[in-house]
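Analysis of the macromolecular model
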Amino acid sequence: MSITKKEVEHLANLARLTLSDDEKARLTREMSNIIDFAQKLDETDYDSVKPTMHANAKTNVFREDEIKPSFKASEILQNAPQQDEGCFVVPRTVE
Amino acid sequence: MSELIFKTAHELADLLEKKEISSEELTNAQFERIEKTEKYIDAYISLNKEGALNKAREIDRKRAEGQKLSHLAGIPAAIKDNICTKGITTTCASKMLYNFVPPYNASVMDRLSDTPILGKANMDEFAMGSSTETSYFKKTKNPFDTGRIPGGSSGGSGAAVSASEAIFALGSDTGGSIRQPASLCGVVGFKPTYGLVSRYGLVAFASSLDQIGPFTKDIHDCALVLNEICGHDEHDSTSLDIPTADFTKALTGDVKGMKIGVPKEYIGEGVSDEVREKVLEAAREFEKMGAEVDECSLSMMPYSLAAYYLISSAEASSNLARYDGIRYGFRADGCTDVDEVFFKTRSEGFGDEVKRRIMLGTFVLSSGYYDAYYKKAQKVRTLIREDFNKTFEKYDVLLAPTSPCTAWKFGEKSADPLEMYAADICTVSINIAGLPAASMPFGVDKGGLPIGVQLIGKPLGDADIIRAGYALEVHAPKISPEIGGAR
């Protein structure tokens, strides 16, 4: 199968990416090639097989719920692009 | 210049312990070397001279006071720039994290707290690539031929050790990102069993595949670094809670009776004649040393690359959703609403290869395609694991090429993503199955470029690889690059 430019635009929106027309054209072509390549998996006898999500499938690794020191807010905010009074600053979100 | 930098970690550890040299002297020599050769190699994104020298002096003082130190204490190393180092910028070679200073250490860095950190090594952006060409900052050159790529994604780590710009290095391996640059740069690279080394503080690419591991000058050093970095960590729920082994016990040189399989699919089509010949030569050396060597078959190998790119891209698209320009890293200028912050930051902050993988991952996880691509790939993952399990009923270690070819020229595989992805054909299945594997140098091609052979172990068979590699190393020609007309 091949992927269309319209699908590329839909996926870009899901992934929160703005693509130029050039990028859209290139990704449409490249992704189609990669997806065609992935059709190779159809040659395998996969139908009745259980999927593997993880190499060492551990579930529910529990630990005691203990109170421990965590980061200071000031340490975390050091990397913020914009901050004020202990908060991350973003453009206005509600009218 | 001091000859110290050409020594191995185990030689230096002895000299340090006997107080014949100091860590400060060694670390200074290492920076002198970097000053001289880095202009040809570009292995580092950032250097940490003051921090490294402070650490070296601290170790020297502790040693003088007779305090207990780790075996590798005071031996300086390069760290891939996707491993968080407290107070030292960690960029992932991306504009997205160009200014990110981690407020915490990755668990491996806490384990290596006696190590002077020389600097942060270059890599493909977010570890996505096989040549280190997708780095936002610079192109690292192969020390054996500066017109060629060092491999990737841990190209800076591989080149640094190869060019004697670090005694050892850490990298990360999601589909071959330690083993392939190790092979192309003529050094040892080891990807441990999944879960053996904590991933806490490793910037996530594909969490079910990522694993941290060492680049070293020889197998002995590899065992020593593994001894330091392996072990359970409560901060990583996938970390294995098992007793840690002493890998130096596997340095016996004895492979008598060891069963070694050479999977025929790995030396077939797509692998260069010279690489194939080296693998067969290594097989003959094992046989001469008394190992039982046989051809075997891993029939699922031809499907691993497609499964790998679907699974790893799916996980990447999910992991990289966190980069939104709000809490850390790059934020695009001039945005008037939050959605614009997300879109503009991500579009300007990520490079082409990262965008391609996010898009592919979003596609395979999206409604209507999930079963046909993502789930199918996960089922094939089961088949690949079963294929290995069956083979390891008969063999202790498998012998294969690491890379189907030696280092290529800059730009040679950049036009077509599928051509670049094919460079990982011999390595990705190991990550899919969670197995340990190493690449070790085994001679050069007719152009003088290093060829690596890959040793693959069963789950938690990491020590088997060390044992086989240590024995084979004796029969591998010693190779070292010439940089700027000198050693």
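Before any of the text, the structure's been laid out above.
Residues numbered from 1 in each chain as written. Chains lettered and ligands numbered in written order. Predicted model: local features only at pLDDT ≥ 70, side-chain atom pairs only at ≥ 80, totals over all residues. Heavy atoms only, no water.

**Quick look at the interface of chain A and chain B**
The figure often quoted for interface size is the accessible area lost as the parts come together. Each partner contributes residues to the interface: chain A has 56 residues there, and chain B has 65 residues. Carbon and sulfur atoms make up 67% of the area that chain A and chain B hide from each other, which totals about 5,300 Å². Looking at the side of chain A facing chain B, the largest losses of area belong to I34, L41 and N79 of chain A, adding up to 13% of the total buried there. Here chain A and chain B share five salt bridges between them. Between E23 of chain A and K355 of chain B there is a salt bridge, with the nearest N and O atoms lying 3.1 Å from each other. There are 21 residue pairs in polar contact (both at pLDDT 80 or more) connecting chain A and chain B. For the side of chain A that touches chain B, the secondary-structure elements that each account for two or more residues are α1 (5-14), α2 (21-38) and α3 (73-77) of chain A. Ranked by the residues each element gives to the side of chain A that touches chain B, the list is headed by α2 of chain A, at ten residues. (Contact = heavy atoms within 4.5 Å. Buried area = accessible area lost by both parts, 1.4 Å probe. Salt bridge = Lys/Arg side-chain N within 4 Å of Asp/Glu carboxyl O. Polar contact = N/O pair within 3.5 Å; in protein donor to acceptor, adjacent residues only side chain to side chain. Helix = DSSP H or I, 4+ residues; strand = E, 2+ residues; numbered from the N terminus.)

**Topic: the pattern of salt bridges**
Pairing is possible between side chains that carry opposite charge, provided their charged atoms lie close to one another. The tally for this structure, following the rule as stated, stands at 27 salt bridges over all chains. Across the pair D42 of chain B and K138 of chain B runs a salt bridge whose closest N-O atoms are separated by 3.6 Å. Here the residue D42 of chain B occupies a position in the loop between α2 (23-41) and β1 (44-47), and K138 of chain B occupies one in the loop between β3 (117-121) and α5 (155-162), the gap between them amounting to 96 residues. Residue R179 of chain B is joined to D173 of chain B by a salt bridge in which the shortest nitrogen-to-oxygen separation is 2.9 Å. Accessibility classification places R179 of chain B together with D173 of chain B in one group, the buried group. By sharing partners, the salt bridges in this structure join R26 and E30 of chain A together with D352, E353, R356 and R357 of chain B into a single network. (Buried < 20%, exposed > 50% of the residue type's maximum accessible area, 1.4 Å probe, protein only.)

**Remarks on the packing of helix α9 (residues 304-319) of chain B against helix α12 (residues 370-391) of chain B**
All names here are of chain B. For the pair α9 and α12, the least separation of the axes is 9 Å and the interaxial angle reads 125 degrees. If you check the angle between α9 and α12, you find them oblique. The crossing of α9 and α12 is left-handed. In contact with S304, A307, L310, I311, A314 and E315 of α9, α12 contributes Y373, Y374, A377, Q378, V380, R381 and I384. Partitioning the contact of α9 with α12 into residue classes produces nine nonpolar, two polar and two charged. (Axes fitted to C-alpha atoms, helices over the stretch in contact; angles between N-to-C directions. Parallel < 35°, antiparallel > 145°, perpendicular 65-115°, else oblique. Left-handed = near helix turned anticlockwise from the far one by under 90°. Nonpolar A, V, L, I, M, F, W, Y, C, P; charged D, E, K, R; others polar.)

**Things to note about the packing of α1 of chain A against helix α11 (residues 352-365) of chain B**
Remark: α1 of chain A packs on α11 of chain B, axes separated minimally by 9 Å, with the N-to-C direction vectors making an angle of 100 degrees. With respect to their mutual orientation, α1 of chain A and α11 of chain B come out roughly perpendicular. The residues of α11 of chain B that touch α1 of chain A, namely those facing V8, L11, A12 and L14 of chain A, are M359, T362 and F363 of chain B. Across the contact of α1 of chain A with α11 of chain B, the residue classes break down as six nonpolar, one polar and no charged.

**A short note on helix α8 (residues 273-288) of chain B**
All names here are of chain B. Taking 1.5 Å of rise per residue, the 16 residues of α8 would be expected to cover 22 Å, and the 22 Å separating its terminal C-alpha atoms lies within 8% of that figure. All of the buried residues in α8 are V275, K278, V279, A282, A283, E285 and F286. Seen end-on, α8 carries its buried residues on one side only, within an arc spanning 160 degrees. Away from the buried face of α8 by more than 90 degrees, exposed residues D273 and K288 are located. Looking at the buried side of α8, the elements it contacts are β7 (259-263), β8 (292-296), β9 (397-401), β10 (437-444), β11 (450-457) and α15 (462-473). G290 sits one or two residues past α8 and shows a positive phi near 100 degrees. (Expected span 1.5 Å × (residues − 1). Arc of directions from axis to C-beta.)

**So, α2 of chain A**
The end-to-end C-alpha separation of α2 of chain A is 26 Å, in line with the 26 Å expected for 18 residues at 1.5 Å each. Contact partners of the buried residues in α2 of chain A: α1 of chain A together with α9, α11, α12 and α13 (417-421) of chain B.

**A short note on unusual backbone geometry**
Residue and element names in this part refer to chain B. Residue S153 follows G152 across a cis peptide bond; omega there is 10 degrees. Considering the arrangement of structural elements, one finds S153 in the loop between β3 and α5. Located in the positive-phi region is A127, a residue other than glycine, with phi close to 65 degrees. Note on placement: A127 falls in the loop between β3 and α5. Of note, T132 is a non-glycine position whose phi angle comes to about 65 degrees, a positive value. Positionally, T132 belongs in the loop between β3 and α5. The exposure class of T132 is buried, given its relative accessible area of 0%.

**A look at the pairing of strand β6 (residues 211-216) of chain B**
In the case of a regular strand, side chains alternate between the two sheet surfaces. All names here are of chain B. By the criterion of burial, β6 is predominantly enclosed, with six of the six residues buried. With five bridges joining them, strand β4 (residues 168-173) and β6 adopt antiparallel strand pairing. Its bridge partner lying in β6, G171 is registered against G213. Bridge count between strand β5 (residues 188-191) and β6: two bridges; the pairing is antiparallel. Bridge pairing in β6 places V188 opposite T216. (Pairing = 2+ DSSP bridges.)

**A word on the side chain of S317 of chain B**
All names here are of chain B. Inspection of the secondary structure puts S317 in helix α9. Within the structure, S317 has its side chain in polar contact with the backbone oxygen of A314 (distance 2.9 Å). Look past the residues within four positions of S317 in its chain and what remains in contact with it is I358, G361, T362 and L365.

**So, the packing of aromatic side chains**
Remark: the centre distance and the inter-plane angle together describe each pair of aromatic rings, the angle taken between the planes. All names here are of chain B. With the rule as written, the count across this model stands at 15 aromatic pairs over all chains. Judged by centre distance (6.2 Å) and plane angle (80 degrees), the ring pair of Y323 and Y328 falls under edge-to-face. Overall, Y328 belongs to the partly exposed group, its relative accessible area being 22%. Taken together, a centroid distance of 6.3 Å and an interplanar angle of 20 degrees make the contact between F388 and F392 stacked. An aromatic cluster is built from F100, F126, Y323, Y328 and F350, whose rings are joined through pairwise contacts. The ring of W408 carries the charged tip of K413 above its face, separated from the ring centre by 4.9 Å. Sitting over the face of the ring of F6, R487 holds its NZ or CZ atom 4.0 Å from the ring centroid. (Phe/Tyr/Trp six-rings, centres within 6.5 Å; stacked < 30°, edge-to-face > 60°. Lys NZ or Arg CZ within 6 Å of the ring centre and 35° of its normal.)

Bear in mind that shape data such as this cannot, by itself, settle questions of function.
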